[in-house]
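Geometric and topological summary
Here is what each chain is made of, one letter per residue.
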Amino acid sequence: MRWYLDMDPGIDDAVALAVALTRGPVAGLTTVAGNVRGSQTFRNARRLLRAFGRSDLPVVAGAEKPLFHPLVTAPHIHGQSGLEGYALADDTDAANGNQGAPVSAWAWMADQLRQESAKEGSGKESIWVATGPLTNVARFLAGCADGDLDRRMAAITVMGGSLVGGNVTSAAEFNFYCDPDAADFVLASGWPVRVVGLDVTTRRGIAVADLPRLRGYGRVGEMLQGWLAFYAEAIARYDQTEDQVHLHDVLAVAAAAHPERFEWQSLPLAVVRDGERRGAVVRLSPTAARAPVDYAVGFDQEWFLEWFWQSLEGYQGTG
Ligand code: RIB
Ligand code: CA
């Protein structure tokens, strides 16, 4: 059973990566344009793995832009580098694209999941989390012939969407706004998908007052504290009303690892692809010709916070 992460680091992606690395055998990362441009999310992923002591893991660069829309990034929230608040040593060879990997992120995903399936008879044990725009995931699913990966694969847990109002527009959450066509395609694909949206990620985060506690988790804790302090201030300038820092992507990792700690509704959903409500999630009628997906509507908040802090214990004593 291995973990696959598709990310657009990004500050909360970085925190989610740090947590995932302590919680399961991460097979590798694919990166996608989102919070910052694609070359920067790739560079950030490489730098993060190096900072977290996991330069051994592969990073494969994915889509540089959404399927059809021009790229919209979020430097006002994550900084120009995507990881403002704690400077990481540059990974000089990070600029070299896929590090010679001859494949695209979606081809790499398909190959990995096919290997998992061959090895263990079914890829259902794999854990796959997508915490950025779903461009890579959509391209992967579009490339799957029915007999190819024949739905024996693991569910894909995505951070994205909202049925309770957006954080980019009043209707749209960032990941689904950035690439609404990819999001709609993934939700329509019939692949087992779990959606962790703002409905739950904005319900409980960590208190801003608790951020200094991160410094007790080694050098990695210092990094997380620096990034989240920047993130909290940035969001407070836009739409944060409480004194909480919403760990959107971390909650998606928690949901992928422990779906039993979450409450799910099985809903046929669509994503508005253009116009004023671009990126908005729409509940379809139960008779819609679209397979339902699992949509998170609640979780065990106390468990999550304990799980989050416990995850970081592995970094205590890191120099
Ligand atoms: O709306 C929150 C999501 O958009 C998170 O994944 C954050 O990293 C940004 O990508
Ligand atoms: Ca993200």
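Quick caveat, the model's predicted, so the values are computed rather than measured. Within each chain, residue numbers correspond to sequence positions counted from 1 in written order. To label them, take the chains in the order written and letter them from A, then take the ligands in the order written and number them from 1. For this predicted model, a pLDDT threshold of at least 70 governs which residues receive local features, and a threshold of 80 or more governs which side-chain atom pairs are given and counted, while totals over whole chains, interfaces and linings are taken from all residues. Excluding hydrogens and water, the side-chain values take into account all heavy atoms of the structure.

Centres within 6.5 Å are what make two rings of Phe, Tyr or Trp a pair, Trp counting through its six-membered ring; a difference in plane orientation under 30 degrees is then read as stacked, over 60 as edge-to-face, and the rest as tilted. Using the criterion set out here, one finds 14 aromatic pairs in the structure. A ring pair is formed by Tyr4 and Trp108, whose centres lie 6.1 Å apart and whose planes are at 65 degrees; its orientation type is edge-to-face. Linking Tyr4 in strand β1 (residues 3-7) with Trp108 in helix α4 (residues 105-120), this pair joins segments that are 104 residues apart in sequence. This pair shows no difference in class: Tyr4 is buried, exactly as Trp108 is. Considering the side-chain rings of Phe140 and Trp191, the 5.7 Å spacing of their centres and the 75 degrees angle between planes classify their relative orientation as edge-to-face. Note that Phe140 is positioned in helix α5 (residues 135-142) and Trp191 in the loop between α8 (180-188) and β6 (193-196), a separation of 51 residues in sequence. Of the two residues examined, Phe140 and Trp191, each falls in the buried class. Aromatic ring contacts, followed pair by pair, group Phe262, Trp264, Phe299, Trp303, Phe304 and Trp307 into a single cluster. Geometry around Trp264 places Arg194 over its ring, the cationic atom sitting 6.0 Å from the centre. Two conditions define a charge located above a ring, namely a distance within 6 Å from the ring centre to NZ of Lys or CZ of Arg, and an angle within 35 degrees of the ring normal. Its guanidinium or amino end placed over the ring of Trp309, Arg213 lies 3.9 Å from that ring's centre, counting from NZ or CZ. What counts as a helix is a DSSP run of H or I of at least four residues, what counts as a strand is a run of E of at least two, and both are numbered from the N terminus. Note on exposure labels: buried denotes an accessible area under 20% of the residue type's maximum, exposed denotes more than 50%, and partly exposed covers the range between, all computed with a 1.4 Å probe on protein chains only.

Overall, mixed pairing links the 8 strands, which are arranged β3-β2-β1-β4-β5-β6-β12-β9 in an open sheet. Across the chains shown, the open sheet's two edge strands, defined by having one partner strand only, are β3 (59-61) and β9 (262-267). In this sheet, neighbouring strand axes are inclined to one another by 25 degrees on average, regardless of whether the strands run parallel or antiparallel. Sheet strands touched by helix α2 (residues 38-51): β2 (26-31) and β3. Its angle to β3, the strand with the most contacts, is close to 175 degrees. Strands qualify as paired when DSSP identifies two bridges or more between them. Geometry is summarised by axes, namely lines fitted to C-alpha atoms with helices restricted to the contacting stretch, and by angles between N-to-C directions that run from 0 to 180 degrees. Residue contacts are counted whenever heavy atoms from the two residues lie within 4.5 Å of one another.

Take Ala232: it is sitting in helix α10 (residues 218-236). On the basis of relative accessibility, which here comes to 12%, the residue Ala232 falls in the buried class. Expressed as a C-alpha distance, the spacing of Ala232 and Val164, which sit 68 residues apart in the sequence, is 21 Å. Ignoring any residue separated from it by four or fewer positions in sequence, one finds Ala232 in contact with Val208, Leu211 and Val245.

Near ligand 1 you find 13 residues, and of these Asp12, Thr131, Asn167, Glu173 and Asp249 are the closest. Polar contact is defined as a pair of N or O atoms within 3.5 Å, subject to the rule that within protein one atom must be able to donate a hydrogen and the other to accept it, and that residues adjacent in sequence are counted only when both atoms are side-chain atoms. Within the backbone of Thr131, one N or O atom sits 2.8 Å away from an oxygen atom of ligand 1. Asp249 is positioned such that a nitrogen or oxygen atom in its side chain is 2.6 Å from an oxygen atom of ligand 1. Each accessible area is a Shrake-Rupley result for a 1.4 Å probe, and residues are judged covered by the shown protein chains and nothing else. The fraction of the free accessible surface of ligand 1 (270 Å²) that becomes covered by protein chains is 97%. When residues of the shell around ligand 1 are traced back to their parent elements, those giving at least two are α1 (11-23), α7 (174-178) and α11 (248-257). The class makeup of the residues in the shell around ligand 1 is 2 nonpolar, 6 polar and 5 charged. Distances are taken per atom, and a residue is near a molecule or strand as soon as one of its heavy atoms is within 4 Å of it. Polar here means any residue outside two lists: the nonpolar Ala, Val, Leu, Ile, Met, Phe, Trp, Tyr, Cys and Pro, and the charged Asp, Glu, Lys and Arg; Gly therefore counts as polar.

Residue alternation in strand β5 (residues 156-159) divides its side chains into two sets, Ile156 and Val158 and Thr157 and Met159, and both sets are buried. With 3 bridges joining them, strand β4 (residues 127-130) and β5 adopt parallel strand pairing. In the strand pairing of β5, Val129 is matched with Thr157. Alignment of β5 against β6, held across 4 bridges, turns out to be parallel. Within β6, the residue paired with Thr157 across the bridge is Arg194.

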